[in-house]
Amino acid sequence: MLPHNAEPGTPGLRVSIELDSDEALRLLGSVSLGRIVFTQHALPTIRPVNHVLDAGNIVIRTHDGAALTTRTRQADGLGVVVAYEADAIDPDTHLGWSVVVTGYARLVTDPHEVARYQKLLRPWLHRSMEHAVLIHPDLITGVRLTETVG
């Protein structure tokens, strides 16, 4: 009989180990694809995007008609609350890690900074991405999914 969290053909039990914020950000910076969660018409919306980590902040690029561009353009003060998730989990073994960052996103308005981010981050979609959105992390959580030892 298999343990309650094991599947046929997979290794033994797995455990979830909490990551500290430094390790979580390091792992997030090691991948280029994530998912941003924000509200649109008072409902949660999720979009896959590519990102770059810059001085502890997450930067993504957006286009003029994007819902996130509109939301951040309309934001006052700190910006709009968002969540950002990235992971690297093996589809066969289900081992890896996942990081979630919650914070404020704001539209970058300084033309020099936008130009710098355009050089640092190439969009993976074939469309014009003339804006940059910066996410300042306020809460960083992460887990490593690993096999138990012994």
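Scroll up to find the structure this text is about.
Residues numbered from 1 in each chain as written. Predicted model: local features only at pLDDT ≥ 70, side-chain atom pairs only at ≥ 80, totals over all residues. Heavy atoms only, no water.

What is the right way to read the environment of Arg 144 from this model?
Position of Arg 144 relative to the elements: it lies in strand β8 (residues 131-147). Between the alpha carbons of Arg 144 and Ala 24 there is a distance of 9.2 Å; along the sequence they are 120 residues apart. The contact partners of Arg 144, leaving out residues within four places of it in the chain, are Val 15, Ser 16, Ile 17, Leu 19, Glu 23, Arg 26, Leu 27, Gly 96 and Trp 97. (Helix = DSSP H or I, 4+ residues; strand = E, 2+ residues; numbered from the N terminus. Contact = heavy atoms within 4.5 Å.)

Whenever I open this one, unusual backbone geometry confuses me. Can you help?
Note: most peptide bonds trans; most residues except glycine with negative phi. At Ala 42, a position not held by glycine, the phi torsion is positive, near 65°. Here Ala 42 lies in the loop between β2 (33-40) and β3 (43-50). Positive phi outside glycine occurs at Ala 55, with the angle close to 55°. Relative to the helices and strands, Ala 55 is located in the loop between β4 (52-54) and β5 (57-62). With relative accessibility at 79%, the residue Ala 55 sits in the exposed group. (Buried < 20%, exposed > 50% of the residue type's maximum accessible area, 1.4 Å probe, protein only.)

When you look at the nonpolar core in this model, what are you seeing that I'm missing?
Side chains of a nonpolar character, in soluble globular proteins, are inclined to be buried together. By size, the foremost hydrophobic cluster in this structure holds 24 residues, and its most contacted members are Ile 36, Ile 60 and Tyr 84. Secondary-structure elements contributing two or more residues to this core are α1 (21-29), β2, β5, α2 (67-74), β6 (80-89), β7 (96-107) and β8. Per element, the largest residue contribution to this core is 5 residues, and it comes from β7. One finds Val 52, Val 59, Val 108 and Val 114 within the second-largest nonpolar core, a separate group that totals 8 residues. (Core = buried A, V, L, I, M, F, W, Y, C linked by side-chain atoms within 4.5 Å.)

In this structure, what is going on with α1? I would like to understand it.
Residues spaced three or four apart along an α-helix face the same direction, because each turn holds 3.6 residues. All buried positions along α1 are accounted for by Ala 24, Leu 25, Leu 27 and Leu 28. Down the axis of α1, the buried side of the element spans an arc of 160°, and every buried residue falls inside it. Of the surrounding elements, those touching the buried residues of α1 are β4, β5, β6, β7 and β8. Between a side-chain oxygen at the N-terminus of α1 and the backbone nitrogen of Asp 22 the separation is 3.1 Å; the capping residue is Asp 20. (Arc of directions from axis to C-beta. Polar contact = N/O pair within 3.5 Å; in protein donor to acceptor, adjacent residues only side chain to side chain.)

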